[in-house]
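Coordinates in review
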Amino acid sequence: MRLLRSTDLALRVLMRLAVAGESSPTTRGVAEGMGVPYTHLAKVVAELQHMGLLAARRGRGGGLTLTERGRTASVGAVVRAFEGAGDVVDCEGPVPCPLNSACRLRGALRRAQEAFFASLDPVTVADIVAEPTGALLLGIARQPGPPPS
């Protein structure tokens, strides 16, 4: 199974903010540091804010901070929210699968997908930034981003 780019970015933003300490990086600063388009990251940040996992303040002195709910959030729940409830395969696509009414694969893949999510449920954001990862993330976060264009 391959995660959507937005899911990957959501997890990376949460990890980055989990080690930010007292600093409140801006969405633009995080986007530059991650080497991703600002507009794409802004959508991910808006969804994370809507989920109550981070707080965003605008203006001078503003920035992003991880909420306590974000720190204890289940990685499985975050992945589910960004991946959606869709099936691994598209049996109903433009050309529906002729096996659709009697297919056993679809159910097996659905169970495998749920097992994948379930294996991530007990893992929290705090867990995935525990040492030695946290120290490495801090080093990456301090590196200057690409020069402004």
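Residues numbered from 1 in each chain as written. Predicted model: local features only at pLDDT ≥ 70, side-chain atom pairs only at ≥ 80, totals over all residues. Heavy atoms only, no water.

Examining the nonpolar core
- In this structure, Val 13, Leu 41, Leu 48 and Val 78 are the most contacted members of the largest nonpolar core, which totals 31 residues.
- Elements that contribute at least two residues to this core include exactly helix 1 (5-18), helix 2 (27-34), helix 3 (38-50), strand 2 (63-66) and helix 5 (75-83).
- No other element matches helix 1, which puts eight residues into this core.
- Excluding residues within four positions of it along the chain, Leu 48 makes contact with Ala 10, Val 13, Leu 14, Leu 53, Leu 54 and Phe 82. (Core = buried A, V, L, I, M, F, W, Y, C linked by side-chain atoms within 4.5 Å. Buried < 20%, exposed > 50% of the residue type's maximum accessible area, 1.4 Å probe, protein only. Helix = DSSP H or I, 4+ residues; strand = E, 2+ residues; numbered from the N terminus. Contact = heavy atoms within 4.5 Å.)

Structural notes on the confidence of the model for the protein chain
- In this model, the protein chain carries an average pLDDT of 86, and 91% of its residues clear a pLDDT of 70 or more.
- The weakest mean pLDDT in the protein chain belongs to helix 8 (residues 133-142) at 65; the strongest belongs to helix 3 at 96.
- Predicted confidence for residues 142-149 stays below pLDDT 50, and this span has two contacts to residues more than four positions away or in other chains. (pLDDT = per-residue confidence, 0-100.)

Some thoughts on the packing of aromatic side chains
- Tallying each qualifying case throughout the model produces one aromatic pair.
- For the pair Phe 116 and Phe 117, a centre-to-centre distance of 5.8 Å together with 50 degrees between the ring planes defines the contact as tilted.
- A cation sits over an aromatic face here: Arg 28 above Tyr 38, 3.9 Å from the ring centre. (Phe/Tyr/Trp six-rings, centres within 6.5 Å; stacked < 30°, edge-to-face > 60°. Lys NZ or Arg CZ within 6 Å of the ring centre and 35° of its normal.)

Looking at the pairing of strand 1 (residues 54-57)
- As paired elements, strand 1 and strand 2 share four bridges and run antiparallel to each other. Of the residues in strand 2, the one forming a bridge with Ala 55 is Thr 65.
- The turn linking strand 1 back onto strand 2 is made up of five residues, and Gly 59 within it adopts a positive phi angle of 85 degrees. (Pairing = 2+ DSSP bridges.)

Some remarks on the pattern of salt bridges
- Across all of its chains, the model carries four salt bridges by this definition.
- Note that Arg 5 is salt-bridged to Asp 8, the shortest N-O span being 3.2 Å. With Arg 5 and Asp 8 both in helix 1 and three residues apart, this pair spans about one turn of that helix.
- Measuring nitrogen to oxygen at the nearest pair gives 2.7 Å for the salt bridge that ties Glu 114 to Arg 80. With Glu 114 in helix 6 (residues 105-120) and Arg 80 in helix 5, the pair connects residues that are 34 residues apart, well separated along the chain.
- In this structure Arg 80 comes out as partly exposed when scored by relative accessible area, which is 25%. (Salt bridge = Lys/Arg side-chain N within 4 Å of Asp/Glu carboxyl O.)

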